[in-house]
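# Structural characterization, general
One-letter residues, chain by chain:
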Amino acid sequence: MPRMWWVLGVVVLAAIFSAYLGWTAQRVERVHARAQSAERALDAHLLRRAAAAAVVAEHSESVELYAAARLALDAEPDERESAENDLTRQLQGIALDPGDPAARTLIVSSRRVVLARQVHTDLVRDALTARRRKLVRVLRLPGRYPQPRYFDIVEPVMPPLPSPAPSPEALPVQAV
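Residues numbered from 1 in each chain as written. Predicted model: local features only at pLDDT ≥ 70, side-chain atom pairs only at ≥ 80, totals over all residues. Heavy atoms only, no water.

### A closer look at the overall build of the protein chain
Along the backbone of the protein chain there are five helices and zero strands. In the protein chain, the succession of α and β elements from N to C terminus is α-α-α-α-α. In terms of C-alpha radius of gyration, the protein chain reaches 25 Å, well past the compact-globule figure of 16 Å for 176 residues. Its C-alpha atoms give the protein chain principal-axis dimensions of roughly 90 × 60 × 15 Å. Here the protein chain, with 176 residues, has 31% of them falling under the buried criterion. Across the protein chain, the fraction of contacts at a sequence separation of at least 24, relative to all contacts at a separation of at least 6, is 76%. Roughly 11,900 Å² of accessible area belongs to the protein chain as shown, and the carbon and sulfur atoms make up 59% of that amount. The averaged location of the 20 negative side-chain charges in the protein chain is 16 Å from the averaged location of its 23 positive side-chain charges. (Helix = DSSP H or I, 4+ residues; strand = E, 2+ residues; numbered from the N terminus. Rg over C-alpha atoms; globule rule 2.2 N^0.38 Å. Buried < 20%, exposed > 50% of the residue type's maximum accessible area, 1.4 Å probe, protein only. Contact = heavy atoms within 4.5 Å. Areas by Shrake-Rupley, 256 points an atom, 1.4 Å probe, with all protein chains shown as cover. Lys, Arg positive; Asp, Glu negative; His and termini not counted. Charge placed at Lys NZ, Arg CZ, Asp CG, Glu CD.)

Written out as structure tokens, the structure is:
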């Protein structure tokens, strides 16, 4: 009878350990998938910003800004950070009118780039932290996922957007 308790204890410990391994493997997979998704979202926002910058460059007839926008749009993955930093420097050198629809689109897309980059950075940090765990390294759990990389670009500083004027219906009515 005492031998049965020992076997039962080993089986319970094995079940707990295998459940923990399954949970850890699922977490590693999930955080890597989220990091890849954030990378794709950041890439999409960077492309939108470059396209909006090209439109603003055409309106303002800025050859340097247009060239930087085209380079950012056409950059290879290993040249992307440099091209985006060049575009950011060009954007900081021009005055944008928030009333212009093209400039407004550029300002909004630049702010979304900042947010997408923050999300991407957080998820890359989480994935790298998960990869550093000893059990994850020993069992090679992130094997099919490439190691995520940070995307280091200079954050653009954009002028504030004017708040829309309130409609006459939204104004408070004063009693006479």
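### Brief notes about the pattern of salt bridges
Applying the stated criterion across every chain yields a total of nine salt bridges. Close ionic contact of Arg70 with Asp74 constitutes a salt bridge, the shortest N to O distance being 3.2 Å. Remark: Asp74 and Arg70 occur in helix H2 (residues 63–74); sequence separation between them is four residues, near one turn of the helix. Look at the salt bridges and you will find they share partners, linking Asp43, Arg49, Arg80 and Glu84 into a network. (Salt bridge = Lys/Arg side-chain N within 4 Å of Asp/Glu carboxyl O.)

### Let's talk about the environment of Leu123
Inspection of the secondary structure puts Leu123 in helix H4 (residues 101–132). When the C-alpha positions of Leu123 and Ala38 are compared, they lie 7.5 Å apart, and in sequence the two are 85 residues distant. Excluding residues within four positions of it along the chain, Leu123 makes contact with Val31, Arg34, Ala35 and Ala38.

### A look at the nonpolar core
Soluble, globular proteins show a tendency: their nonpolar side chains are buried together. In this structure, Ala53, Val56, Leu65, Leu87, Leu91, Leu96 and Leu106 are the most contacted members of the largest nonpolar core, which totals 20 residues. The set of elements that each furnish at least two residues to this core consists of helix H1 (2–60), H2, helix H3 (80–92) and H4. Per-element accounting of this core gives the leading share, six residues, to H1. Beyond its immediate stretch of four places on either side in the chain, Leu87 contacts Arg49, Ala50, Ala53, Leu65, Ala68, Ala69 and Ala72. (Core = buried A, V, L, I, M, F, W, Y, C linked by side-chain atoms within 4.5 Å.)

### Some thoughts on the confidence of the model for the protein chain
A low pLDDT means the predicted coordinates there should not be read in detail. Averaged over all residues, the pLDDT of the protein chain equals 87, while 91% of them reach at least 70. Within the protein chain, the lowest mean pLDDT, 82, falls on helix H5 (residues 134–139), and the highest, 95, falls on H2. (pLDDT = per-residue confidence, 0-100.)

### Let's talk about the packing of H2 against H3
One can describe the packing of H2 onto H3 by two numbers: an axis separation of 8 Å at closest approach and a directional angle of 155°. With respect to their mutual orientation, H2 and H3 come out roughly antiparallel. Viewed along their axes, H2 and H3 form a crossing whose handedness is left-handed. Contacts between H2 and H3 involve Glu64, Leu65, Ala68, Ala69, Leu71 and Ala72 from the former and Arg80, Ala83, Glu84, Asp86, Leu87, Gln90 and Leu91 from the latter. When grouped by side-chain class, the residues that make up the contact of H2 with H3 number eight nonpolar, one polar and four charged. (Axes fitted to C-alpha atoms, helices over the stretch in contact; angles between N-to-C directions. Parallel < 35°, antiparallel > 145°, perpendicular 65-115°, else oblique. Left-handed = near helix turned anticlockwise from the far one by under 90°. Nonpolar A, V, L, I, M, F, W, Y, C, P; charged D, E, K, R; others polar.)

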